[in-house]
Amino acid sequence: MTDTNTQLKSPPKGFARLLWRAPIWFYKVGLGWMLGKRFLLLNHIGRKSGKPRQAVLEVVRFDKDTHTYYVASGFGEKSDWFQNVMQHPDVTIQVGGKHYETSGVRLSQEAAEDELLTYNRHHPAALKNLASLMNYPYDGTEDSIRKLAALLPIISFKLD
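Heads up: these notes are all about the structure in this document. If you're wondering where the values come from, they're calculated on a predicted model, not measured in any experiment.

So, how was this worked out
- Residues numbered from 1 in each chain as written.
- Predicted model: local features only at pLDDT ≥ 70, side-chain atom pairs only at ≥ 80, totals over all residues.
- Heavy atoms only, no water.
- Helix = DSSP H or I, 4+ residues; strand = E, 2+ residues; numbered from the N terminus.
- Buried < 20%, exposed > 50% of the residue type's maximum accessible area, 1.4 Å probe, protein only.
- Contact = heavy atoms within 4.5 Å.
- Areas by Shrake-Rupley, 256 points an atom, 1.4 Å probe, with all protein chains shown as cover.
- Core = buried A, V, L, I, M, F, W, Y, C linked by side-chain atoms within 4.5 Å.
- Patch = residues over 30% accessible without salt bridge, like charges linked within 9 Å, V, L, I, M, F, W, Y side chains within 5 Å.
- Salt bridge = Lys/Arg side-chain N within 4 Å of Asp/Glu carboxyl O.
- Arc of directions from axis to C-beta.

On to the overall build of the protein chain, then. Tallying secondary structure elements over the protein chain gives 6 helices and 6 strands in all. Overall, the protein chain shows an N-to-C arrangement of helices and strands of α-α-β-β-β-α-β-β-α-α-α-β. Here the protein chain holds 160 residues, and the buried ones make up 39% of them. If you take every contact in the protein chain between residues at least 6 apart in sequence, the share linking residues at least 24 apart comes to 63%. Accessible area of the protein chain: about 9100 Å², with a carbon and sulfur share of 54%.

Below, the structure written as structure tokens:
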């Protein structure tokens, strides 16, 4: 089993980046509802430019009791959106056709592990695919999931 020094893939650049960001257009043309509640559009501020930025993120879990969305940074701490939210946590998210003002908060390591363990119980194939996409040698064991959680920060967006 690998240790937490495993190198994740870097975020895509060039044409691959354009393809990766294509779901943003669903929201821009009013079709965000087609992505349902499994994805959200994050509107945030660039940490260097100070300009508005956007990213579509997969929802790891929505907690109905606390009205909180949880998302993982698939490229780890290298993700621009993650770095931006850590610098400027006040953001707007859009889920389906609804907009919410909220703040991004990074979960503790223990809480991130719990979220990924829960996600694996509900979506084992999706977690396996994510790990493969990110170049992480994942074997589906609890130990593997805990190590993956050390590489993939989990952010919560609590709705008021």
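It is worth spelling out the nonpolar core at this point. Core analysis: the biggest nonpolar cluster contains 18 residues, and L116, L127, Y136, Y138, I145, L148 and I154 have the highest contact counts within it. The set of elements that each furnish at least two residues to this core consists of β3 (68–72), α4 (109–122), α5 (124–133) and α6 (142–151). When near neighbours in sequence (up to four residues on either side) are disregarded, I154 contacts Y70, V71, A72, V105, R106, L107, A112, E115 and L116.

Take a nonpolar patch on the surface next. Among the surface-exposed residues, W25, F26, V29, L31, W33 and M34 lie close enough to one another that they form a single nonpolar patch of about 650 Å² accessible area. Here F26 shows up in helix α2 (residues 23–28). The exposure class of F26 is partly exposed, given its relative accessible area of 32%.

Moving on, we come to α6. Along α6, the positions that sit buried rather than exposed are S144, I145, L148, A149 and L151. The arc that holds every buried residue of α6, seen down its axis, measures 155 degrees, which confines them to one face.

On to the environment of M34, then. Note on placement: M34 falls in the loop between α2 and β1 (39–45). With a relative accessible area of 47%, M34 lands in the partly exposed category. In this structure the C-alpha to C-alpha distance between M34 and G96, which are 62 residues apart in sequence, comes to 7.1 Å.

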